[in-house]
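Here are the chains, one letter per residue:
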Amino acid sequence: LAAAAEPPVPEDLLPDVLPALEKLEAALRALEVAIPPETLLWNGVEGSDSEDAS
Amino acid sequence: VTIAEIGAALRGKKISVRELTEEALQRIAEANPRLNAFLTVTETAARTRATFLDGELARGIDHGPLHGIPIAHKDNIFTRGVRTTGGSKIFADFIPDYDATIVRQLNDAGANVIGKTGLHEFAYGITSNNPHFGAIRNPWDPERVPGGSSGGSAAAVAAGLVPLATGSDTGGSIRIPASFCGVVGLKPTYERVSRTGVMPLGLTLDHAGLLAGTMRDVASAFSLIAKHSSGYVPAPRADHRVISLGGMRIGVPENFFVERIAPEVMLSFRAAVQTAAALGAHVTEIRLPDGEALNVVGRIAQLSEVSALLARYLDRRDEIGRDILVLVEQGRLIPAIDYLNAQRVRTVLARDFSKIWQHLDCLMTPATPMTAPKIGETSVAIGSFNEDVRTAATRLTRPFNVLGWPALSLPCGFSNAGMPIGLQLVAPPQQEDSLLQAGAALEDAFGIAGRRPPLFDR
């Protein structure tokens, strides 16, 4: 993925980019298996007003 | 000196807005070479406006508690006609043609903008060690970071250069520098304060907020910028009445938020809990759902959202700091599926965490697990555990960006090295009034509000 990205991720950054990202994505894997199928995207807090969030 | 005290002096004609402005400009001229808190000082505009505001007071036009008060804005907040860099070399010469809503609101309330404060590049980091504009320094120890990303705002308030400054908070960027610099920092409920004109970073995580020397100063300014404001301001300290916390149900986590905390921070936190109980609060220990899961979800969301905004600048890599490049590259490699599932996990977690408010009015945690690290330190040892400084500093704050709940940091003690320790208070959505009331009561009881760093105490 890093090589195929446009532009590619520079090689000198890879040691800082990949290990931490792989660890983070592994942690997400463990969480996403338990999501009920009907779950929607987070949509703000109750009573929030997003009129000018742009 | 609080905003209310300055206001009383102005209205009692003991000082003019112009004199107040000159004093602030003088303090900045003396302190900024040591702190690097300000990127831009708007001397001419501040003097012109001071004369105008003096004239208004003379004609009986009084805009309220902020009339004539010198304030500063974080330099990722648009100020019409004044450069707004976002801490980035790419925006070094960017001059907005309109004011952010929060700037306009504070201007309408009579505030006098005296300058723009420095920050971590793109507001994307917690050290404020900026490769383009230099490191911002902590007034309590200039060898240490002020925290970030609103490091300039926190340093300016802590050193007494301004009583109030604005900030933004995507993973802790108001509360972390407030904790490290010994000031009050409020991140309101998600969308409670307008983000229009605040450079976006994490689209579902960004919050605009305030930093000030005292709870009452934050409260008086918050009432002016909040949508659906109740206008609540705690009773003046001069009343010498103790604000009771009687009846307030305060939860103290027994997991996650009290794990891997530096011993000195933990001692101050436990003392703060005892103080709350002594003020009449009903304090209960509570086991919370998975706090680490909130951080995983928050980091995935932030990496993706920030890269969506910043990847377009990768053709100018030589103008971007290495720490930012690493984060932007990480965000580019996160598949859309992961981002979407992180936002779905967030929905589940928000539902689970919200159940605590059936039994509580407020949550107390340490604001940061440690005091301010030295400039250049990349890891911090807490007990036998070695942790990345960025991960450690955001560990206790990021969860409340993910949940969108209002949260603040206020000073609750000092380490043996003399560095401030921050207490975090959290309330249900839209319940900033409870948060401000609890904070004011605790601040009165702690008795350390407004204490100045020795280097800047005069």
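Each remark here, short or long, concerns the structure printed above.
What counts and what doesn't
- Residues numbered from 1 in each chain as written.
- Chains lettered and ligands numbered in written order.
- Predicted model: local features only at pLDDT ≥ 70, side-chain atom pairs only at ≥ 80, totals over all residues.
- Heavy atoms only, no water.
- Helix = DSSP H or I, 4+ residues; strand = E, 2+ residues; numbered from the N terminus.
- Buried < 20%, exposed > 50% of the residue type's maximum accessible area, 1.4 Å probe, protein only.
- Pairing = 2+ DSSP bridges.
- Axes fitted to C-alpha atoms, helices over the stretch in contact; angles between N-to-C directions.
- Contact = heavy atoms within 4.5 Å.
- Parallel < 35°, antiparallel > 145°, perpendicular 65-115°, else oblique.
- Left-handed = near helix turned anticlockwise from the far one by under 90°.
- Nonpolar A, V, L, I, M, F, W, Y, C, P; charged D, E, K, R; others polar.
- Polar contact = N/O pair within 3.5 Å; in protein donor to acceptor, adjacent residues only side chain to side chain.
- Right-handed = clockwise from strand over helix to strand, strands pointing away.
- Buried area = accessible area lost by both parts, 1.4 Å probe.
- Salt bridge = Lys/Arg side-chain N within 4 Å of Asp/Glu carboxyl O.

**Structural notes on the overall build of chain A**
- A count of helical and extended segments in chain A gives 1 helix and 0 strands.
- Counting over 54 residues, chain A shows a buried share of 31%.

**So, the sheet that holds strand β15 (residues 420–426) of chain B**
Residues and elements named next belong to chain B.
- Taken in spatial order, the 11 strands of this open sheet run β1-β3-β2-β6-β8-β7-β14-β15-β11-β9-β10, and their pairing is mixed. Edge positions in the sheet fall to β1 (38–41) and β10 (282–286), since each of these pairs with one other strand and no more. Strand-to-strand, the axes of this sheet are offset by a mean angle of 30°, without reference to chain direction.
- Seen against the sheet, helix α4 (residues 101–108) touches β2 (70–74), β3 (112–117), β6 (164–169) and β8 (207–212) and runs at an angle of roughly 175° to β2.
- The sheet strands contacting helix α14 (residues 432–446) are β7 (184–187), β11 (362–366), β14 (407–414) and β15, and the helix crosses β14 at an angle near 10°.

**Side note on the packing of helix α1 (residues 14–32) of chain A against helix α10 (residues 322–332) of chain B**
- Taken N-terminus to C-terminus, the directions of α1(A) and α10(B) make an angle of 50°; their axes are 9 Å apart at the nearest point. In terms of orientation, α1(A) and α10(B) fall into the oblique class. Once α1(A) is placed against α10(B), the crossing between them reads as right-handed. Where α1(A) approaches α10(B), its residues Asp16(A), Val17(A), Ala20(A) and Leu21(A) are matched on the opposing element by Arg322(B), Val326(B), Glu329(B) and Gln330(B).
- Looking at the contact of α1(A) with α10(B), its residues break down into 4 nonpolar, 1 polar and 3 charged.

**Observations regarding the side chain of Ser150(B)**
All names here are of chain B.
- Among the structural elements, Ser 150 can be located in the loop between β5 (134–135) and α5 (151–158).
- Look at Ser 150 and you get buried, because its relative accessible area is 0%.
- There is a polar contact of 3.2 Å between the side chain of Ser 150 and the backbone oxygen of Ser 168.
- In this structure the side chain of Ser 150 is engaged in a polar contact, spanning 2.8 Å, whose partner is the backbone oxygen of Ser 173.

**Let's talk about the pairing of β10(B)**
Residue and element names in this part refer to chain B.
- Examined bridge by bridge, strand β9 (residues 249–253) and β10 share 5 bridges and lie parallel to one another. Residue pairing in the sheet places Ile 250 in a bridge with Val 283 of β10.
- Crossover handedness for the path β9 to helix α8 (residues 263–278) to β10: right-handed.

**Here we look at the interface of chain A and chain B**
- Each partner contributes residues to the interface: chain A has 40 residues there, and chain B has 42 residues.
- Of the roughly 3400 Å² buried where chain A meets chain B, counting both sides, 63% is carbon and sulfur surface.
- When residues of chain A are sorted by the area they lose upon contact with chain B, Leu24(A), Leu28(A) and Trp42(A) head the list and together hold 21% of the total.
- In this structure, Arg322(B) and Asp12(A) form a salt bridge, with 3.6 Å as the shortest nitrogen-oxygen distance.
- Counting the contacts that link chain A with chain B gives 14 residue pairs in polar contact (both at pLDDT 80 or more).
- Considering only residue class, the side of chain A that touches chain B consists of 24 nonpolar, 6 polar and 10 charged.

**Focus: the pattern of salt bridges**
Residue and element names in this part refer to chain B.
- Under the definition given, this model contains 27 salt bridges over all chains.
- We note a salt bridge from Arg 104 to Asp 108, for which the minimum N-O separation is 3.8 Å. Here the residue Arg 104 and the residue Asp 108 both occupy positions in helix α4, the gap between them amounting to 4 residues, near one helical turn.
- Of the charged contacts, one joins Arg 144 and Asp 141 as a salt bridge, the two residues approaching to 3.0 Å between their closest N and O atoms.
- Linked through salt bridges whose partners overlap, the residues forming this network are Arg 18, Glu 22, Glu 43 and Arg 47.

**Observations concerning the environment of Val273(B)**
Residues and elements named next belong to chain B.
- Within the secondary structure, Val 273 is located in helix α8.
- The class for Val 273 is buried, based on a relative accessible area of 12%.
- Those residues in contact with Val 273 that lie beyond four places of it in its chain are Val 252, Val 283 and Met 364.

**What to know about the environment of Leu203(B)**
Residues and elements named next belong to chain B.
- Tracing the backbone through its elements, the reader meets Leu 203 in the loop between β7 and β8.
- A C-alpha to C-alpha distance of 9.0 Å links Leu 203 and Ala 301, two positions 98 residues apart in sequence.
- Once residues lying within four places of it in the same chain are set aside, the contact partners of Leu 203 are Tyr 190, Arg 195, Glu 305 and Leu 309.

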